[in-house]
Amino acid sequence: DVGFLHGRATPTALVLADPRQTWPGRSDRRQPPPDTRWNPSTCEVGALVLSPLPRTGALLWRRQGLPSNSTALLPLPLPLGGALVVSDNALVWLD
């Protein structure tokens, strides 16, 4: 999912993605490293600052370890700001 943060001087895009491309019916089949437990948190959100001149973008921040069943990204208006990540059993506020 993609959204734009409210109240920023420069356009800031938020991108919700799952780099491992898993879903609740198919968990990541790779073996976890020894002495670790299975972690279903595979989604991440990245904030990209977009500059119209010279048409560049920079990664502002990145949050990994979000639930693998995250489905939506909702930018929140000011004064709260940030964004809300929606999954089947959790709401995660990012600022």
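Report follows, based on the coordinates. (Residues numbered from 1 in each chain as written. Predicted model: local features only at pLDDT ≥ 70, side-chain atom pairs only at ≥ 80, totals over all residues. Heavy atoms only, no water.)

What to know about the overall build of the protein
The cut-off we apply is this: Starting at the N terminus, helices and strands are each numbered in turn, a helix being any DSSP run of H or I of at least four residues and a strand any DSSP run of E of at least two. Should any heavy atoms of two residues lie within 4.5 Å, those residues are considered in contact. With residues, only the protein chains shown are counted as cover, and all accessible areas are computed by Shrake-Rupley using a 1.4 Å probe.
Across its full length, the protein carries 0 helices and 7 strands. Taking the intrachain contacts of the protein between residues at least 6 apart in sequence as the baseline, contacts between residues at least 24 apart amount to 45%. When the accessible surface of the protein is split by element, carbon and sulfur atoms take 57% of a total near 6,600 Å².

Considering a nonpolar patch on the surface
This is how it is decided: Patch membership requires more than 30% relative accessible area and the absence of a salt bridge. Residues of like charge join within 9 Å; the nonpolar side chains Val, Leu, Ile, Met, Phe, Trp and Tyr join within 5 Å. Salt bridge, as used here, is a side-chain nitrogen of Lys or Arg placed within 4 Å of a carboxyl oxygen of Asp or Glu.
Residues Val-2, Phe-4, Leu-48, Leu-50 and Leu-59 make up a contiguous nonpolar surface patch of roughly 430 Å² in combined accessible area. Taken together, the elements giving at least two residues each to the nonpolar patch come down to strand S1 (2-4) and strand S3 (43-51). Within the secondary structure, Leu-48 sits in strand S3.

A look at the sheet that holds strand S2 (residues 12-17)
Heads up, the rule is: A strand pair is defined by DSSP finding two or more bridges across the two strands. In this description, a line fitted to the C-alpha atoms serves as the axis of each element, helices being fitted only across the stretch in contact, and the angle between N-to-C directions of two axes falls anywhere from 0 to 180 degrees.
In spatial order, the strands read S1-S2-S3-S4; together these 4 strands make up an open sheet with antiparallel pairing. This sheet does not close on itself; its edge strands, each paired only once, are S1 and strand S4 (56-66). Neighbour-to-neighbour, the strand axes of this sheet turn through a mean angle of 20 degrees, independent of strand direction. Examined bridge by bridge, S2 and S3 share 6 bridges and lie antiparallel to one another. Bridge pairing links Val-15 to Gly-46 in S3.

Shape is all these values report; function is a separate question.
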